[in-house]
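Summary of structural features
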Amino acid sequence: MPDIFYLSELQSSTVHLLLVVGIGMILPYWVDPQNNRHRTILMAVTFLLASRYIWWRGTETLAPAGLTLDMLASWSLFGFELMAMIGSFSSFVIMSRMRLRSNEATTYAGWWGKTEPRVAILIATYNEEQDVLERTIVGAKSLRHKNKEILVLDDSRRDWLRDYCAQQGVRYMRRPDNKGSKAGNINHALDRLAEDPVPPDFVAVLDADFIPHRGFISRCLALFHDPAVGLVQTPQHFFNADPIQHNLGISHSYPDEQRFFFDHMQPSRDGWGIAFCCGTSSICRWTALRDIGGLPTESVTEDFLLTLTLQDRGWTTAYLAEPLTEGLAPEGLKEYTTQRARWCLGLMQIARSNLGPLGKNNLRLRDRWSVLDSVLFWMTSFPFRIAVVVYPLLYWYFSIIVVDAALPDVLSVFGAFFIWSLVVQRVLMPGMVVPILHDVGQLLSAIPITRAAFVGMLRPKGHPFSVTAKGGDRTKTVVQWRMMAPFLVLLILTVIGLMLGILFDRFAFHDAGDGKWVVLFWTVYNIFVLSLTVLACVELPRRERHIADLPDRGILITKDGIRQEWIRSLTIDEARLRGKSHPVGTTGDLRLTGIGDVPVTVTEKTVDGVRVRLQPTAEQREALLVRFYAEGEAPGTGRAKLSGLLLGLSRRLTLNGRR
């Protein structure tokens, strides 16, 4: 009889992984990400593999029960992981369907007939500079919808802004106090609008640093053909790099952190009827706002609470996944983490309010689930991210085994789940989640978010509204030492612990069995994550806030004659031209399509041409602003590009990432 060939456990586990990889390679050829049946199948398999993994973790990898440090460490880590997995289970269900409304918006365009609805555009401002507000006001004026009124709501009561609004022909409004912060500011404006002879039919809300694209109002209004729709939310796009993109030198090869939420999670939430308002870039029906008495002020995230308040009165929220506005992302790490901690705090306040999951209200079960899902995200993901970088140190320094698992089991159980998750992400949301970089983004905000989550849940009242600072001087390198310190300490401890384990095998390896390979891989992974996190805390200078969609050529007219030049970069203040070099101080005109001849002065010679300073007229400046911000497609990068990521990170690591 022929010999029977048996695979070892390690070989069998490797075959399992290769099978998952093989399936992942063919999935894109038959899966339609917009087909809810396909999405449900993929997420169901993910759910089953995740359940198998967490069951294995709880039954086969924990330290034996007893009053030991091994048990305390092993079981507590599993507790963090279990809670994070429960939050993931909820997200798996949400991602199993999606709804896209672009066809609906096209079908019902102009449903109102010959008379356009009257729209009030509210721009709430507190401390933004004129160049920030100028973009938004000019963009709002350029909207194609004619029957509109623009109101600037100034909570800092600045005379220069009042005068600027008069020059721009927009309505300026201030109030005697700042009660209720942004929500109170908007409510004051709503009360004043109610006193007008003809109140608006709809109210659009823009943050002071968000510029609408020219079709913003008309596309959103189309979804109000359904009389039950009280609010339409659109995604937020950003014309500048967020701190992680910028500080790691990957602005052109890695999407900003919010692309996953706005491009994938919100359409999926809309598929369940639980999309929610995100403040700016939204339009609300006037009668719906008056029905609920204006924006709620019980939470620092009044936007999410607005959706729940509307739903409690029978109004629904629709999500239109089109790039119809673009704004300024937080440029500094402090502002970036403060903003996210405020979102977290606001969700905790909502969870403790009468519109929370356990409150006595008229919310549907799915609305309660929506709040609970958000609470789970904030309260579990970030504490678990901290635990992941701390717990391996217990092994290296105290020989405490937190995960006792054989390598074949790790490959067949965890490996299969992990690779399948990456496959599904690649199919349903390509280029959105890059493992190490995703962890860096979460880790940077993990400490303030974890603090906000538990403080907000235990003591929801009495927290001031924290405004996200925008603009300001970003021309110098700044090291955020206080933010960096815990990550730097953890990185040093991790590297030293690993070196001790390698140099002195008897130090820890002797009693770990196959578990040492788990900790070894885990530790090396953490070194990469912590290194990039530390690097991200070094904030690089920013020369330009926005680079326009570039024309192919411009015409530079000087006293020497007319020449065509390639335009490498173009902002409101300057352009970089590739072509003939001109002496510094040379003056002339740069002819731009749709703008005209803009006076320029050469300020610098570059390796392939010159840099010029633009001196546009007031009309040309507004035309440039419209061209940069109110026209064209979505700014930024929509998906990760591996070659660009590797190039950008390598340049940054060799200190050549600064422009």
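Given the structure is predicted, the values throughout are model-derived calculations rather than measurements.

Some remarks on the overall build of the protein chain
- Counting secondary structure elements, the protein chain contains 21 helices and 18 strands.
- With the principal axes as the frame, the protein chain shows a C-alpha extent of 85 × 70 × 55 Å.
- Out of the 659 residues in the protein chain, the part that is buried amounts to 55%.
- A fraction of 78% describes how many contacts in the protein chain between residues 6 or more apart in sequence connect residues 24 or more apart.
- Counting only carbon and sulfur atoms, one obtains 60% of the accessible surface of the protein chain, whose full area is about 29800 Å².
- Averaged over its 71 positive side-chain charges, the protein chain has a centre that lies 2 Å from the centre of its 64 negative ones.

Let's talk about helix H5 (residues 130–141)
- With twelve residues, H5 extends 16 Å from end C-alpha to end C-alpha; this agrees with the ideal 16 Å at 1.5 Å per step.
- Of all twelve residues making up H5, nine are buried, and the element is well covered by its neighbours.
- When H5 is considered as a whole, its buried residues turn out to be Val132, Leu133, Glu134, Arg135, Thr136, Ile137, Val138, Gly139 and Ala140.
- Buried residues along H5 sit against strand E1 (119–125), strand E2 (148–154), helix H6 (159–168), strand E4 (202–207), strand E5 (210–212) and helix H20 (618–630).

A word on a nonpolar patch on the surface
- A surface patch of nonpolar side chains, amounting to about 790 Å² of accessible area, comprises Leu19, Val21, Ile23, Met25, Ile26, Tyr29 and Trp30.
- Examined against the element boundaries, Val21 turns out to sit in helix H1 (residues 9–26).
- Residue class for Val21 comes out partly exposed when judged on its relative accessible area of 34%.

Quick word on the environment of Ala630
- Mapping Ala630 onto the fold places it in helix H20.
- Those residues within four positions of Ala630 in sequence are excluded, and the remaining contacts are Ser142, Pro212, His213, Arg214 and Leu625.

Regarding the packing of helix H13 (residues 333–351) against helix H14 (residues 365–398)
- For the pair H13 and H14, the least separation of the axes is 10 Å and the interaxial angle reads 135°. With respect to each other, H13 and H14 are oriented oblique. The handedness of the crossing between H13 and H14 comes out as left-handed. When H13 is examined against H14, the residues Arg340, Trp343, Cys344, Leu347, Met348, Ile350 and Ala351 are found in contact with a partner set consisting of Val371, Ser374, Val375, Trp378 and Met379.

Section: empty space enclosed by the protein
- The full count for this structure, using the stated rule, is three cavities of 30 Å³ or more.
- As a volume, the largest cavity reaches approximately 100 Å³.
- As for the largest cavity, its lining consists of 15 residues, of which Val205, Gly279, Ser282, Leu295 and Leu306 are closest to the centre.
- For the lining of the largest cavity, the secondary-structure elements that each account for two or more residues are helix H7 (181–194), E4, strand E8 (282–285) and helix H12 (302–312).
- Of the residues forming the lining of the largest cavity, the biggest block, three residues, is contributed by H12.
- Considered class by class, the residues forming the lining of the largest cavity number ten nonpolar, two polar and three charged.
- Quantified by volume, the second largest cavity comes out at close to 70 Å³.

Some points on the sheet that holds strand E16 (residues 587–592)
- Reading around the circumference, E13-E14-E15-E18-E17-E16 is the order of the six strands in this closed barrel, with antiparallel pairing throughout. Taking each pair of neighbouring strands and ignoring which way they run, the sheet shows an average axis angle of 45°.
- With four bridges joining them, strand E13 (residues 553–558) and E16 adopt antiparallel strand pairing. Residue pairing for E16: Ile557 is matched across the bridge by Asp589.

Focus: the pairing of strand E3 (residues 171–174)
- As defined by bridge partners, E2 adjoins E3 across four bridges and the pair is classed as parallel. Following the sheet pairing, Leu151 is matched in E3 by Arg171.
- Taking the sense of rotation as the criterion, the β-α-β connection linking E2, H6 and E3 turns out right-handed.

Brief notes about the nonpolar core
- Counting 61 residues, the largest nonpolar core has Leu248 and Leu444 as the members making the most contacts within it.
- Counting only elements with at least two residues in this core, the list comes to H12, H13, H14, helix H16 (435–458), helix H17 (481–503), helix H19 (515–536) and helix H21 (642–653).
- Contact partners of Leu444, with chain neighbours within four places excluded, come to Ile244, Leu333, Thr337, Met483, Phe487, Thr533, Ala536 and Cys537.
- Counting residues in each nonpolar core, the second largest holds 44 residues, with Ile274, Val410, Val413 and Val518 among its members.

A short note on H12
- Across the eleven residues that make up H12, a large majority, eleven, are buried.
- Among all positions in H12, only Glu302, Asp303, Phe304, Leu305, Leu306, Thr307, Leu308, Thr309, Leu310, Gln311 and Asp312 are buried.
- The positive-phi residue at the C-terminal boundary of H12 is Gly314, with phi of around 95°.

Remarks on the sheet that holds E5
- Ordered in space as E5-E10-E7, the three strands form an open sheet in which the pairing is mixed. The sheet terminates laterally at E5 and strand E7 (237–238), the two strands that pair on one side only.
- Sheet topology note: the E7/strand E10 (residues 325–327) ladder contains two bridges and is parallel. Along E10, the bridge assignment pairs His237 with Glu326.

Overview of the pattern of salt bridges
- In this structure the tally under the stated criterion is 31 salt bridges.
- In this structure, the salt-bridge partner of Asp270 is Arg101, at a minimum N-O distance of 2.7 Å. Note that Asp270 is positioned in helix H10 (residues 259–272) and Arg101 in the loop between helix H3 (69–94) and helix H4 (102–107), a separation of 169 residues in sequence. Here Asp270 matches Arg101 in class, with each residue buried.
- When salt bridges that share partners are traced, they join Arg99, Arg101, Glu104 and Asp270 into one network.

A short note on the environment of Pro255
- Secondary-structure assignment places Pro255 in the loop between helix H9 (243–247) and H10.
- Spatially, the C-alpha atom of Pro255 lies 8.0 Å from that of Gly431, the residues being 176 residues apart in sequence.
- Those residues in contact with Pro255 that lie beyond four places of it in its chain are Gln245, Gly431, Met432, Thr637, Gly638, Arg639 and Ala640.

A look at the packing of aromatic side chains
- By the definition in use, this model includes 21 aromatic pairs.
- Residues Phe628 and Tyr629 carry aromatic rings whose centres are separated by 6.1 Å and whose planes lie at 80° to one another, so their mutual orientation is edge-to-face. The pair Phe628 / Tyr629 is uniform in exposure class, with both members buried.
- The side chain of Arg97 reaches across the aromatic face of Trp272, ending 3.7 Å from its centre.
- In this structure, Arg340 packs its charged tip against the face of Tyr336, placed 3.8 Å from the ring centre.

Comments concerning the state of the cysteines
- For the structure on display, the rule yields zero disulfides.
- No disulfide involves Cys278; its sulfur sits 6.4 Å from that of Cys277, the nearest cysteine.
- Between Cys284, a free cysteine, and Cys277, which holds the nearest cysteine sulfur, the sulfur-to-sulfur gap is 7.6 Å.
- Overall, the relative accessible area of 5% leaves Cys284 in the buried class.

Parameters at a glance
- Residues numbered from 1 in each chain as written.
- Predicted model: local features only at pLDDT ≥ 70, side-chain atom pairs only at ≥ 80, totals over all residues.
- Heavy atoms only, no water.
- Helix = DSSP H or I, 4+ residues; strand = E, 2+ residues; numbered from the N terminus.
- Buried < 20%, exposed > 50% of the residue type's maximum accessible area, 1.4 Å probe, protein only.
- Contact = heavy atoms within 4.5 Å.
- Areas by Shrake-Rupley, 256 points an atom, 1.4 Å probe, with all protein chains shown as cover.
- Lys, Arg positive; Asp, Glu negative; His and termini not counted.
- Charge placed at Lys NZ, Arg CZ, Asp CG, Glu CD.
- Expected span 1.5 Å × (residues − 1).
- Patch = residues over 30% accessible without salt bridge, like charges linked within 9 Å, V, L, I, M, F, W, Y side chains within 5 Å.
- Salt bridge = Lys/Arg side-chain N within 4 Å of Asp/Glu carboxyl O.
- Axes fitted to C-alpha atoms, helices over the stretch in contact; angles between N-to-C directions.
- Parallel < 35°, antiparallel > 145°, perpendicular 65-115°, else oblique.
- Left-handed = near helix turned anticlockwise from the far one by under 90°.
- 1 Å grid on protein atoms, 1.4 Å probe; cavity = no way out; pocket = protein on both sides within 12 Å on 5 of 7 lines; lining within 4 Å.
- Points joined across faces, edges and corners; volume = space filled by probe spheres on them.
- Nonpolar A, V, L, I, M, F, W, Y, C, P; charged D, E, K, R; others polar.
- Pairing = 2+ DSSP bridges.
- Right-handed = clockwise from strand over helix to strand, strands pointing away.
- Core = buried A, V, L, I, M, F, W, Y, C linked by side-chain atoms within 4.5 Å.
- Phe/Tyr/Trp six-rings, centres within 6.5 Å; stacked < 30°, edge-to-face > 60°.
- Lys NZ or Arg CZ within 6 Å of the ring centre and 35° of its normal.
- Disulfide = S-S within 2.5 Å.

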